[in-house]
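Residues per chain, in single letters:
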Amino acid sequence: MVISPCFMKLRSFFSFLIAGVLALLALSAGGFYWLSTKTPLNLLAGGPTTTPAAAVFVSKQSPVLVSMLVNPDRLEALRQIFASPEERSRSHAEFEQIKKSFLVNTGLDYSRDIQPWIGDEITFATTTPDFDDRELNNGKQTGFLLAVSSQNADRSQEFLTSYWQKESRKEKTVQSEVYKGVKIYYKESPITNPKKDSIWSFNSLSLPNSTLPPSFATAAIGGSSDSGSNSSFVLFANSPNVLRDAIDNVESANRNLNNSPNYQKALQQLTQGRIALGFVNLPQPATEKNPQVSPNSLAVAIGVNRRGLLAQTALVTSGDKTAIPTLSAPVQALQYIPSASPFTVASTDLRNFWTDLSSAVSTNAEASKLVDRAIADIQQNSGVNLPQDIFNWVQGEYALAVVPSSSNTPDWIFAAEKSADAQKAIDKLDEIARSKEYSIGNFTLRNQKITAWTQLTTSQSYDVKNKSKSAIETEAKGVRATVGKYEIFTTSVEAMDAALKAAETGSLVANQDFQTSIEPLPPANDGYFYLDWPSSRAIWEKQIPLLRLIELSARPLFDHLRSLTVTSTGEVAGIRKATVFMRLN
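Undergrad: Looking at this model, I keep getting lost on the overall build of the chain. Mind explaining?
TA: Summing up its helical and strand segments, the chain has 16 helices and 20 strands in all. Within the chain, buried positions represent 42% of all 585 residues. Residue pairs in contact within the chain that sit at least 24 positions apart in sequence constitute 66% of those at least 6 positions apart. Of the roughly 31600 Å² that the chain leaves accessible, carbon and sulfur atoms contribute 55%.

What follows is the structure, given as structure tokens:
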């Protein structure tokens, strides 16, 4: 049989075509694998790991641990994907500023010294209230530990060697030692007139004149097989004592945070993907007064959402209660909250909430004083005892909101579902109004009967020569109405009009911004705390002077914050869960 040259060419062509298709499929599969593992979009499902490997260096009694579980460059890349073309340069500049701020006055450059080796974890912890308790003359020295994972152990070791060589040429205080097989470099300077340590020892983001602490130590250490991690870490601390304790914590597994029952219980309830994790051992009361249920620790897992940051929290308490969420949709009381409200709280059973809150804050003297002072101030100004006169009878739905006002003081709206004790409570409020010599009158507004507590005052704009204005004005001290199954209270007639109008023309529930802010939250919950930040920023800055300092320390977050929404999602074996959504521009 003779095979024609034409057939031979055709077979060669098909062989080449098949080989080309196979090669293309291989390249496509490889490209897809690379994209699926390297694309920053993967961070929407969480970082490469869900728990900090550096927890093995931290004592189970550590007050605070905060971990970022993703390489900062990948986080920046994700931000660039969602930023518009005109915002990308600004976004890049903000990340660069953050990197520089963390390293200010250290002589280090992120791109040159850190970027070549930094891995997918940065963990910061306060380790002990006093790392040198044997020295009674130097005051309390809080221990700080910073653990940075390394994806290139050789490069990170070169970085440390180069850094300490430069330091040793500048000053003679550099020392080194080998502790349990780990090389520790450190420099110690005598501390005179000791000051209280600050959590900003490693973060000068808000303190441009910060520098490294007088005592500074580093070590490079590989992952322990006992800890289940093979990661390499570069450790930074404000004392070699802190590093020695960190090494001891790895060797003695029962000492480190990974073996804390509260830590493990909290992690089991944090189920979403995350790029950061925080854990706090809450201070316990030093008094003999022990509440029935006290909070022990708090864990927070932060993930990335296309519209912002989504956080899960788990509060571990001494109790064992289990409770499922009470709601599957926003409470109907929100129909009386205007869509322009910048701050709203809506839930059910205010009496039970107050009981739980009182029990929780009773374990902390400062928090308890703060709540008691706020309640006392309201009672002094209005004569109303909130727990007895309001909270006790609100056992159904309720919504509390701030609404814009024409005056400098914002108005409030409170809508609550009626209960058997509601009328008795309203009668008590009327008695309080009479005791303050307020008049009680009725009028009609939007076809609703309205009751107002009013006081006669002298008009500030009255002109004796021009008597077109009355010398006497009526000032509303409070306004209430019964609408359907709800009792509505407001601080002005205008606010009551806004509440009644909202039910007719569109309330907060119909507001697209509100719907967007609750969309990522679990539908089964116990209600919402909603804050429209741009609209309410001036209000809270006026009420809370310390807020300006907090904004300064986290300016990139507050500059982009659009809204904050919090919801409780029940309790499992004494662990109270909540979800927080920070919507960002």
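Undergrad: Mind showing me how you'd approach the nonpolar core here?
TA: Nonpolar side chains in soluble globular proteins tend to be buried together. Judged by nonpolar contacts, the single largest core of 38 residues is most densely connected at Phe57, Leu145, Phe233, Leu235 and Leu243. When residues in this core are grouped by element, the largest group, 5 residues, is from helix α6 (residues 240-251). Sequence-distant contacts of Phe57, defined by excluding residues within four places in its chain, comprise Leu145, Ile221, Phe233, Leu235, Ala246, Asn249 and Val250.

Undergrad: What is the right way to read helix α7 (residues 261-269) from this model?
TA: Note on helix geometry: an α-helix contains 3.6 residues per turn, so any two residues three or four positions apart are oriented the same way. Every buried residue of α7 is accounted for by Tyr263, Ala266, Leu267 and Gln269. Taken end-on, α7 shows its buried residues confined to a sector of 160 degrees, consistent with a single buried face. Along α7, the residues that are exposed and aim more than 90 degrees away from the buried face are Pro261 and Gln268. Elements that come into contact with the buried residues of α7 comprise β8 (276-281), β9 (295-305), β10 (308-317), β19 (561-572) and β20 (575-584).

Undergrad: Sorry, what's going on with the side chain of Thr218 here?
TA: Mapped onto the elements of the fold, Thr218 is located in strand β6 (residues 216-222). Excluding its chain neighbours within four sequence positions, the residues that come into contact with Thr218 are Leu160, Trp164, Lys183, Ile184, Tyr185, Leu235, Phe236 and Leu243.

Undergrad: Help me out: how do you make sense of helix α9 (residues 365-382) in this one?
TA: With 18 residues, α9 should cover 26 Å at 1.5 Å per step; its first-to-last C-alpha distance of 26 Å lies within 8% of that length. Following α9 by one or two positions, Gly383 has its phi on the positive side, about 80 degrees.

Undergrad: Please explain the packing of helix α14 (residues 533-543) against helix α15 (residues 546-553) as it appears in this structure.
TA: The description of two helices packed together rests on the angle between their axes and the distance between the axes. For the pair α14 and α15, interaxial distance at closest approach is 9 Å and the crossing angle is 130 degrees. For the element pair α14 / α15, the angle class is oblique. Residue-level contacts link Trp533, Arg537, Trp540 and Glu541 of α14 to Leu547, Arg548 and Glu551 of α15. When its residues are assigned to classes, the contact of α14 with α15 shows 3 nonpolar, no polar and 4 charged.

Undergrad: Please explain the packing of aromatic side chains as it appears in this structure.
TA: Both the distance between ring centres and the angle between the ring planes are used here to describe each pair of aromatic rings. Summed over all chains, the structure comprises 19 aromatic pairs. Each ring, one from Phe124 and one from Phe144, has its centre 5.8 Å from the other, and the planes form 20 degrees; the classification is stacked. Here the residue Phe124 occupies a position in strand β2 (residues 118-128), and Phe144 occupies one in strand β3 (residues 143-150), the gap between them amounting to 20 residues. The class for Phe124 is buried, based on a relative accessible area of 15%. For the pair Tyr263 and Phe279, a centre-to-centre distance of 5.1 Å together with 85 degrees between the ring planes defines the contact as edge-to-face. Residue Tyr263 is found in helix α7, and its partner Phe279 is found in strand β8; the two are separated by 16 residues along the sequence. As far as burial versus exposure is concerned, Tyr263 and Phe279 are alike and both buried. An aromatic cluster of at least three residues, connected via ring pairs, comprises Tyr163, Trp164, Tyr185, Phe216 and Phe236.

Undergrad: Which parts of the structure should I look at to understand the pairing of strand β11 (residues 343-348)?
TA: Looking at chain direction, β11 and strand β12 (residues 397-403) are connected through 6 bridges and run antiparallel. Each residue of the ladder has a partner; that of Ser347, found in β12, is Tyr398. Taken together, the 5 bridges between β11 and strand β18 (residues 527-532) define a ladder with antiparallel strand orientation. Its bridge partner being in β18, Phe343 is matched across the sheet by Leu531.

Undergrad: Looking at this model, I keep getting lost on the pattern of salt bridges. Mind explaining?
TA: When the charged atoms of two side chains lie near each other, side chains of opposite charge can form a pair. The tally for this structure, following the rule as stated, stands at 19 salt bridges. In this structure, Glu541 and Arg548 form a salt bridge, with 3.5 Å as the shortest nitrogen-oxygen distance. The exposure class assigned to Glu541 is buried, which follows from its relative accessible area of 13%. Classification of Arg548 as exposed rests on a relative accessible area of 52%. One connected set of salt bridges, linked through shared partners, spans Arg537, Glu541, Arg548 and Glu551.

Undergrad: Teacher, can you tell me more about a nonpolar patch on the surface here?
TA: Together, Ile544, Leu546, Leu549, Ile550 and Leu552 make up a nonpolar patch on the protein surface, roughly 460 Å² of accessible area in all. Following the sequence through the fold, Leu546 ends up in helix α15. With relative accessibility at 54%, the residue Leu546 sits in the exposed group.

Undergrad: Would you explain unusual backbone geometry in this entry?
TA: Outside of glycine, negative phi angles account for most residues, and trans bonds account for most peptide bonds. The phi dihedral of Asp349 falls on the positive side, at around 55 degrees, and the residue is not glycine. Here Asp349 lies in the loop between β11 and α8 (350-361). Judged by its relative accessible area of 26%, Asp349 falls in the partly exposed class. One non-glycine residue, Arg446, lies in positive phi territory at about 50 degrees. Mapping Arg446 onto the fold places it in the loop between β14 (439-445) and β15 (448-458).

Undergrad: Where do I start with the confidence of the model for the chain in this structure?
TA: As a general rule, the predicted coordinates of low-pLDDT regions are not to be interpreted in detail. When pLDDT is averaged along the chain, the result is 81; 80% of the residues meet or exceed 70. Low confidence marks residues 7-11, where pLDDT is under 50. Its contacts with residues over four positions away, or in another chain, come to 1 contact. Throughout residues 224-228 the model reports pLDDT below 50, and contacts reaching past four residues in sequence, or to other chains, amount to 3 contacts.

Rules used throughout
Residues numbered from 1 in each chain as written. Predicted model: local features only at pLDDT ≥ 70, side-chain atom pairs only at ≥ 80, totals over all residues. Heavy atoms only, no water. Helix = DSSP H or I, 4+ residues; strand = E, 2+ residues; numbered from the N terminus. Buried < 20%, exposed > 50% of the residue type's maximum accessible area, 1.4 Å probe, protein only. Contact = heavy atoms within 4.5 Å. Areas by Shrake-Rupley, 256 points an atom, 1.4 Å probe, with all protein chains shown as cover. Core = buried A, V, L, I, M, F, W, Y, C linked by side-chain atoms within 4.5 Å. Arc of directions from axis to C-beta. Expected span 1.5 Å × (residues − 1). Axes fitted to C-alpha atoms, helices over the stretch in contact; angles between N-to-C directions. Parallel < 35°, antiparallel > 145°, perpendicular 65-115°, else oblique. Nonpolar A, V, L, I, M, F, W, Y, C, P; charged D, E, K, R; others polar. Phe/Tyr/Trp six-rings, centres within 6.5 Å; stacked < 30°, edge-to-face > 60°. Pairing = 2+ DSSP bridges. Salt bridge = Lys/Arg side-chain N within 4 Å of Asp/Glu carboxyl O. Patch = residues over 30% accessible without salt bridge, like charges linked within 9 Å, V, L, I, M, F, W, Y side chains within 5 Å. pLDDT = per-residue confidence, 0-100.

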